[in-house]
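Survey of secondary and tertiary structure
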Amino acid sequence: MIKVLVKGYGTIGKRGAWALRRQSDLTLYGVVKRRPDYSAILAVKSGIDVYVPGEEELRAFEESGVRVAGLLDDALGRVDAVVDATPGGVGRKYKGLYVKHGVKAVFQGGEAPDVAQVSFNPLCNYSEALGKDFIRVVSCNTTALLRLICSLNRYFTVDRVRAVIVRRGADPKEVRRGPINAIVLNPPKLPSHHGVDVKTVLPWLDIQTAAFAVPTTLMHTHFIQVFLKEGVTREDVVRVLEGSPRIVLVGAEALGVSSTAELAEVIRDMGRARGDMYELAVWEESVTVIDGREVMLTQSVHQESIVVPENVDALRAALSIEKDGERSINITDTALGLVGGWLLWSS
Ligand code: NAD
């Protein structure tokens, strides 16, 4: 069994650890925490071994009485791979240690692209990541854009993309970022970095993006225009989205929801752990085709969880457990209970 260590047990790390415990071909070996806080206590209570980066943290855990399994260095000697979910820039500092121990590492979108051999989305470039030692799973917004673009590009020919990203101001737990009362130009100078990040996976694509941060913590929402080389109908586009993994169509009228707050409530009512929505939510009524070649739509992104399935696939690709991207996606999604097609009508 392949053993994986999760380093950084915050928003992404704790979800990554949860997801790993649900895979039959990957095992969560343990997590690395710096502080013996509530999440360390809950991890230990749920049977997860908690490691610490160094002696100082070890003493803090011992003094607080939270059980600690050992040092990061010891754990790295016993695992096959690490999911590094520390804040942007921290993962790079540990790369040398991963090299020293010969373990593969999956980094997150907060790291600069050159931390890894490949920036990754399994719907776009799974085969490029096969056997790589260092893979970067791109950020939540980039993952959402790539899921849509690569799903459409599978059946049509995407020529160029323009997108406006309305970003959540902070994650729900990030009290230090608020209160906010503004629409922040993110950044004022256009284009925003999101399109540039998409090009780390699809270098051939003509894409430009703008982004605004707003005072909400629940989800991001994108308005997207995809220009195609051939003529399509609205029905063609809906059919493709309906059949694409990790995308779910949300019927605003049918469900009686037309906001991220209501969508988040639907997901909580569905009983999803932590209220997570791994799927990219495309608002069905928004899907519009103009003159056959311009597809417009609105999509919402649960930033805290959308990259979790991609992290699992990145491990399978790095470790060459599964050579076929579609099969990996299917294994991950079945284990995590993702739905496809139409939200609620297909689950
Ligand atoms: P977070 O702050 O919620 O979690 C990071 C955790 O790492 C914290 O618990 C912190 O204490 C811990 N940490 C810091 N240094 C450490 C070290 N040396 N050893 C062990 N643990 C350490 O951050 P996050 O939101 O989970 O983001 C992690 C990465 O995921 C970033 O690259 C971010 O850009 C990316 N990402 C975040 C989101 C999101 O919406 N939160 C979405 C997609 C990608």
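Residues numbered from 1 in each chain as written. Predicted model: local features only at pLDDT ≥ 70, side-chain atom pairs only at ≥ 80, totals over all residues. Heavy atoms only, no water.

Some words on the overall build of the protein
- A count of helical and extended segments in the protein gives 13 helices and 17 strands.
- Computed over its C-alpha atoms, the radius of gyration of the protein comes to 20 Å, within 12% of the 20 Å expected for a compact globule of 347 residues.
- A principal-axis box enclosing the C-alpha atoms of the protein has dimensions of 65 × 40 × 40 Å.
- Within the span of the protein, comprising 347 residues, buried residues form 54% of the whole.
- Long-range pairs, those at least 24 residues apart, make up 71% of the contacts in the protein between residues at least 6 apart in sequence.
- If you sum the accessible surface of the protein, you get close to 14600 Å²; carbon and sulfur atoms cover 52% of it. (Helix = DSSP H or I, 4+ residues; strand = E, 2+ residues; numbered from the N terminus. Rg over C-alpha atoms; globule rule 2.2 N^0.38 Å. Buried < 20%, exposed > 50% of the residue type's maximum accessible area, 1.4 Å probe, protein only. Contact = heavy atoms within 4.5 Å. Areas by Shrake-Rupley, 256 points an atom, 1.4 Å probe, with all protein chains shown as cover.)

With respect to the side chain of His222
- With respect to the element layout, His222 can be found in strand β12 (residues 220-228).
- Accessibility expressed as a relative area gives 0% for His222, which makes it buried.
- At a separation of 2.6 Å, a polar atom in the side chain of His222 contacts the side chain of Asn141.
- Setting aside its immediate chain neighbours within four residues, His222 contacts Asn141, Ala144, Leu145, Val164, Ile165, Leu297, Thr298, Gln299 and Val301. (Polar contact = N/O pair within 3.5 Å; in protein donor to acceptor, adjacent residues only side chain to side chain.)

Description of the pairing of strand β11 (residues 206-214)
- Here nine bridges tie strand β9 (residues 158-168) to β11, and the two strands are oriented parallel to one another. Bridged to Arg168 within β11 is Val214.
- In terms of strand pairing, strand β10 (residues 184-185) meets β11 through two bridges, oriented antiparallel. The residue bridging Val184 from the neighbouring strand is Ala213, located in β11. (Pairing = 2+ DSSP bridges.)

Quick look at the state of the cysteines
- Applying the stated criterion to the full structure yields one disulfide.
- Here Cys124 is linked by a disulfide to Cys150, with a sulfur-sulfur distance of 2.1 Å. Torsion about the S-S bond of the Cys124 and Cys150 cystine: about 115°, corresponding to right-handed handedness. With Cys124 in helix α6 (residues 122-129) and Cys150 in helix α7 (residues 140-155), this pair connects stretches of sequence that are 26 residues apart.
- The exposure class of Cys124 is partly exposed, given its relative accessible area of 23%.
- The structure places no disulfide on Cys140, whose sulfur is separated from the nearest cysteine sulfur, that of Cys124, by 16 Å. (Disulfide = S-S within 2.5 Å.)

Section: the domain arrangement of the protein
- Looking at the protein, the domain boundaries give domain 1 (2-138 + 308-331) and domain 2 (140-306).
- Between domain 1 and domain 2, the C-alpha centre-to-centre distance is 26 Å.
- Taken residue by residue, the interface counts 22 residues in domain 1 and 24 residues in domain 2.
- Summed over both partners, the interface of domain 1 with domain 2 buries about 2000 Å², with 54% contributed by carbon and sulfur atoms.
- A per-residue breakdown of the area domain 1 buries against domain 2 is headed by Arg15, Leu123 and Val138, which together make up 30% of the total.
- Viewed at the interface, domain 2 and domain 1 are joined by seven salt bridges.
- Across the salt bridge formed by Asp313 and Arg246, the nearest N and O atoms sit 2.7 Å from each other.
- Where domain 1 packs against domain 2, one counts ten residue pairs in polar contact (both at pLDDT 80 or more).
- Those elements that provide at least two residues to the side of domain 1 that touches domain 2 are α1 (11-20), β7 (118-120), α6, α12 (308-318) and α13 (325-336).
- No other element matches α1, which puts five residues into the side of domain 1 that touches domain 2.
- Residue classes in the side of domain 1 that touches domain 2 are distributed as eleven nonpolar, five polar and six charged. (Domains from an automatic or database assignment. Buried area = accessible area lost by both parts, 1.4 Å probe. Salt bridge = Lys/Arg side-chain N within 4 Å of Asp/Glu carboxyl O. Nonpolar A, V, L, I, M, F, W, Y, C, P; charged D, E, K, R; others polar.)

A short note on helix α2 (residues 38-45)
- Here α2 has its buried residues at Ser39, Ala40, Ala43 and Val44. Buried residues of α2, seen end-on, are gathered within an arc of 135° and therefore sit on one face of the element. Across from the buried face of α2, at angles greater than 90 degrees, the exposed residues are Tyr38, Leu42 and Lys45.
- Where α2 is buried, its residues meet β3 (50-52) and α3 (55-64).
- Directly after α2, the chain includes Gly47, whose backbone phi takes a positive value near 90°. (Arc of directions from axis to C-beta.)

Some details on the site of the ligand
- Around the ligand, the surrounding shell holds 23 residues, and the nearest of these are Thr11, Ile12, Tyr94, Asp171 and Lys173.
- Considered on its own, the ligand offers 830 Å² of accessible surface; in the complex 85% of this is hidden by protein.
- Listing elements by their share of the shell around the ligand, those giving two or more residues are α1 and α5 (90-101).
- For the shell around the ligand, the residue count by class is ten nonpolar, eight polar and five charged.
- Residue assignment places the shell around the ligand across two domains, with domain 1 (2-138 + 308-331) and domain 2 (140-306) each supplying three or more. (Near = heavy atom within 4 Å.)

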